[in-house]
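Single-letter residue listing:
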Amino acid sequence: MLPQTNLQLYRLLIDLNATEANLALAREAYDLARQLFSTCYRPSHKPFVAHLIGVSGALALWGEPVESVVAGMLHSAYLYGDYGDGAQGATETRRRMTRGRVGEKAEQLVYDYTMAKWPRLPEKWLAEVASGHLDRTVVAIKLADLCDECCDAGPHYAKGKPLEFGLPGDRDARQQVLDLVGTLVGASAKAHFQRILSAGDGFLPPDVLCSTDRSFHVVDPIAEPSGSSMVRRIYQLAGRVRFKKAG
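Residues numbered from 1 in each chain as written. Predicted model: local features only at pLDDT ≥ 70, side-chain atom pairs only at ≥ 80, totals over all residues. Heavy atoms only, no water.

Student: Please provide a residue-by-residue account of the state of the cysteines, values included.
Tutor: Applying the stated criterion across every chain yields a total of 0 disulfides. Between C151, a free cysteine, and C147, which holds the nearest cysteine sulfur, the sulfur-to-sulfur gap is 7.1 Å. Given a relative accessible area of 4%, C151 falls into the buried group. (Disulfide = S-S within 2.5 Å. Buried < 20%, exposed > 50% of the residue type's maximum accessible area, 1.4 Å probe, protein only.)

Student: Account for unusual backbone geometry, with residues named and values stated.
Tutor: A positive phi is found at N17, a non-glycine position, where the angle reads about 65°. Mapped onto the fold, N17 is located in the loop between α1 (6-15) and α2 (20-36). Judged by relative accessible area, which is 67%, N17 ranks as exposed. Within the chain, D152 stands out as a residue other than glycine whose phi angle is a positive 60°. Within the fold, D152 resides in the loop between α9 (136-150) and α10 (154-157). The exposure class of D152 is exposed, given its relative accessible area of 53%. (Helix = DSSP H or I, 4+ residues; strand = E, 2+ residues; numbered from the N terminus.)

Student: Could you give an account of the layout of surface pockets, naming the residues involved and the relevant values?
Tutor: The calculated volume of the second largest pocket comes to roughly 310 Å³. Forming the walls of the second largest pocket are 20 residues, and the residues nearest its centre are L79, Y80, Y113, K142 and D145. Top element by residues in the lining of the second largest pocket is α9. It accounts for 3 residues. Among the residues forming the lining of the second largest pocket, the class breakdown is 8 nonpolar, 5 polar and 7 charged. (1 Å grid on protein atoms, 1.4 Å probe; cavity = no way out; pocket = protein on both sides within 12 Å on 5 of 7 lines; lining within 4 Å. Points joined across faces, edges and corners; volume = space filled by probe spheres on them. Nonpolar A, V, L, I, M, F, W, Y, C, P; charged D, E, K, R; others polar.)

Student: Tell me about the packing of helix α11 (residues 171-184) against helix α12 (residues 187-200), and name the residues and values.
Tutor: It is the contact of α11 with α12, at a shortest axis distance of 7 Å, that shows an interaxial angle of 150°. Judged by the inter-axis angle, α11 sits roughly antiparallel to α12. Where α11 approaches α12, its residues R174, Q175, V177, L178, D179, V181 and G182 are matched on the opposing element by A187, A189, K190, F193, Q194, L197 and S198. A breakdown of the residues in the contact of α11 with α12 according to their chemical character gives 7 nonpolar, 4 polar and 3 charged. (Axes fitted to C-alpha atoms, helices over the stretch in contact; angles between N-to-C directions. Parallel < 35°, antiparallel > 145°, perpendicular 65-115°, else oblique. Contact = heavy atoms within 4.5 Å.)

Below, the structure written as structure tokens:
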């Protein structure tokens, strides 16, 4: 019920009558995301880029503007993305590069998401929006992030990761989050999130498919690429990829 590949996202945007300019912006965001997160995975071992696509797709389905859809694709860029610079966080160099790829509005949302301080209880988010301490659009991105977390019964595969508010199992928190989605994003978004949650109810995958990992992680290659590798030489000459040990 949420796109998990770039092609599924593109089809969704086309079906939603996105303009050619907005489609190009979505593709640019995806291309940047796959550079930043090429070897990264969720605790469930779902590719991290698939999660980013799901967040972006949720925002598109919820009728959020294109800059929000793009920011959803890149919401973790400054938190976890590998810009190849050895730095951390939202440095000015990283921000300038990201702005050059996806524009000022989307980049500002990514930055605001990075800097946001999230209350522990979802009912307090609404007060934070009302007071101006949290931007409504940034909260919508966070809610879309939670929505994709629950997509495909993901939490049931990642038994070691504590999901925010105890979703999807905590029924009280679940209703609070759904009410928050309804208030800040709309009734159709709330109904969509409810369907995502309901699709995973009662499903328990066999332990052999589950992970005890607790967080985002990077996977190393099986071995260091060999200097004699024909594929490595071809790609290095083309300047298309960097070979390095992930860590």
